[in-house]
Amino acid sequence: MESPEVAALGAVDMSVQPNTSESHWSRHAAQWGKVGSPLRPVDEDADLYWRAITSSLAASELAGARVLLLGVTPELASLRWPADSSLLACDSSLDMLQSIWPLGRFPGAFSAALNADWRALPLAPGACKLIVGDGSLSTLGCADDYRRCAREFYRVLQPGGCLVLRLFCQPRKPELPEQVLADLRRGHVGNFHAFKWRLVMAIHASNESACLADIWARWESGFPQPETAAALSGWSLDAIRTLEAYRHASARYSFYGMAELRSMLAPEFEFLDAAWPGYELGERCPIASFRRTA
Ligand SMILES: C[S@@+](CC[C@H](N)C(=O)[O-])C[C@H]1O[C@@H](n2cnc3c(N)ncnc32)[C@H](O)[C@@H]1O
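Residues numbered from 1 in each chain as written. Predicted model: local features only at pLDDT ≥ 70, side-chain atom pairs only at ≥ 80, totals over all residues.

(A) A look at the overall build of the protein. Looking only at helices and strands, the protein has 13 helices and 7 strands in total. A compact globule built from 294 residues would reach a C-alpha radius of gyration of about 19 Å, and the protein, at 19 Å, matches this within 12%. Across its three principal axes, the protein shows a C-alpha extent of roughly 55 × 40 × 30 Å. Taking the contacts inside the protein whose residues are at least 6 apart along the sequence as the reference set, 77% of them involve residues at least 24 apart. (Helix = DSSP H or I, 4+ residues; strand = E, 2+ residues; numbered from the N terminus. Rg over C-alpha atoms; globule rule 2.2 N^0.38 Å. Contact = placed C-beta atoms within 7 Å.)

Have a look at this one:
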């Protein structure tokens, strides 16, 4: 049965069937502890999120705010939320909800999690003041989904409400997959997850419909033995093996440039500001804020 608090947040139907790739996110949940920056937010991101949130909304607006979290990112649930705020985390993966959502420590008044699809949120119009998410848009498979989300986020936000997201942006001049793999052969690489993200982005730039299984195939044909990549880079085999989650996965990520992203979120959202973290690949991971248009 729906709790009174969830009803207060405007949740009207808990049974919407999600249609994102459950199995990919189940594997992600299972290897969560092995995933690092930039795929997961670090303290620097948390500071930038908080700066973006507090410069988009006045303290009085944030005080009793109802916040919608796109996903279950524990680092976002654990931000310095005001004591009387509430948080509803929405995720289509039951495994992410069951394994990762409990890791967050929400300091506000009430939090709950909802198994639903962002493209068809079971929430009343104007149910929340703020939507936050970490890399959420890049988990959508195609540009149409961005538009569906923009309309849904507009609908469930109150007038004046804001959207604060860490984006994963393609660089102006996307890399080629061969360039990224050649960097590894020369040992010109930093942290493994930044490398993995470069490879995923480069493959997406060369083929927008590439699914994760295609990324695995490209990787495996370049480096059939993970030990070779480990010797060249110093990465742990455990980290490298997180790529195996992509084998046979039909799920897709998507990446666009900042200008394209802004135009895909318009006219429902006007861009307010963005800040770029200083870590490796941070230039592709801005934390951007948008205001719901009137
Ligand atoms: C927030 S995103 C990005 C991951 C993020 N960088 C992190 O690790 O916190 C990941 C989550 O989005 C969820 N997800 C992806 N597409 C979704 C959709 N259309 N509706 C609801 N949840 C979705 C996945 O199940 C996953 O738990």
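Moving on from the coordinates now.
(B) A look at the pairing of strand β3 (residues 110-115). As judged from the 6 bridges shared by strand β2 (residues 86-91) and β3, these two strands associate in the parallel manner. Residue Ala 89 lies in a different strand from β3, and its bridge partner there is Ala 113. Remark: the β2/helix α6 (residues 94-99)/β3 crossover connection has right-handed handedness. (Pairing = 2+ DSSP bridges. Right-handed = clockwise from strand over helix to strand, strands pointing away.)

(C) Quick peek at the sheet that holds strand β5 (residues 157-166). With mixed pairing, the 7 strands of this open sheet are ordered in space as β3-β2-β1-β4-β5-β7-β6. The outermost strands of the open sheet, each flanked by one partner alone, are β3 and β6 (269-275). Within the sheet, the average angular offset between the axes of one strand and its neighbour, ignoring direction, is 20°. Strands in contact with helix α3 (residues 43-56) are β4 (128-134), β5, β6 and β7 (287-292); relative to β7, the strand with the most contacts, it is inclined by about 20°. (Axes fitted to C-alpha atoms, helices over the stretch in contact; angles between N-to-C directions.)

(D) Up close: the site of the ligand. Taken together, 22 residues lie around the ligand, and Gly 71, Thr 73, Ser 92, Ser 93 and Met 96 are the ones closest in. For the shell around the ligand, the elements supplying multiple residues, two or more each, are β2 and β4. Across the shell around the ligand, the residue classes break down as 8 nonpolar, 9 polar and 5 charged. (Near = placed C-beta within 6 Å. Nonpolar A, V, L, I, M, F, W, Y, C, P; charged D, E, K, R; others polar.)

(E) A look at the pairing of β5. Counting buried residues in β5 gives 7 out of 10 residues, a clear majority hidden from the surface. In this structure, β4 lies alongside β5, joined through 6 bridges in parallel fashion. Looking at the pairing, Ile 131 lines up with Leu 163 of β5. Regarding the hand of the β-α-β motif, the stretch spanning β4, helix α7 (residues 143-156) and β5 is right-handed. Bridge count between β5 and β7: 5 bridges; the pairing is antiparallel. When the bridges of β7 are listed, Val 164 appears paired with Ser 289. (Buried ≥ 20, exposed ≤ 12 C-beta atoms within 10 Å, placed from the backbone.)

(F) Spatial organisation of the environment of Ala 231. Considering the arrangement of structural elements, one finds Ala 231 in helix α11 (residues 226-233). Sequence separation of Ala 231 and Glu 22 is 209 residues, and the distance between their C-alpha atoms is 33 Å.

(G) Structural context of the domain arrangement of the protein. Each assigned domain of the protein is listed with its residue range as follows: domain 1 (4-12 + 22-169 + 256-292) and domain 2 (177-246). Here the C-alpha centroids of domain 1 and domain 2 sit 27 Å apart. Listed as interface residues are 12 residues of domain 1 and, on the opposing side, 11 residues of domain 2. Of the residues assigned to the side of domain 1 that touches domain 2, the class counts are 4 nonpolar, 5 polar and 3 charged. (Domains from an automatic or database assignment.)

(H) Local environment of the nonpolar core. One finds Leu 69, Ala 89, Cys 90, Leu 130 and Val 164 to be the most contacted residues of the largest nonpolar core, which totals 88 residues. Of the residues forming this core, the biggest block, 9 residues, is contributed by helix α9 (residues 192-206). Shared between two domains, this core takes at least three residues from each, and those domains are domain 1 (4-12 + 22-169 + 256-292) and domain 2 (177-246). Beyond its immediate stretch of four places on either side in the chain, Cys 90 contacts Leu 68, Leu 69, Leu 70, Leu 114, Ala 116, Trp 118 and Leu 121. (Core = buried A, V, L, I, M, F, W, Y, C linked by C-beta atoms within 7 Å.)

(I) Spotlight on the packing of helix α8 (residues 177-185) against α9. Relative orientation of the contacting elements α8 and α9 amounts to 155°, with a least axis distance of 8 Å. Taken together, the axes of α8 and α9 are roughly antiparallel relative to one another. Here α8 contributes Pro 177, Val 180 and Leu 184 to the contact with α9, which in turn contributes Phe 195, Arg 198, Leu 199, Ala 202, Ile 203 and Ser 206. Taken together, the residues of the contact of α8 with α9 break down into 7 nonpolar, 1 polar and 1 charged. (Parallel < 35°, antiparallel > 145°, perpendicular 65-115°, else oblique.)

(J) A look at the environment of Ser 138. Secondary-structure assignment places Ser 138 in the loop between β4 and α7. Once the C-alpha coordinates of Ser 138 and Ser 86 are considered, the two residues, 52 residues apart in sequence, prove to be 25 Å apart. Excluding its chain neighbours within four sequence positions, the residues that come into contact with Ser 138 are Phe 168, Tyr 253, Ser 254 and Phe 255.

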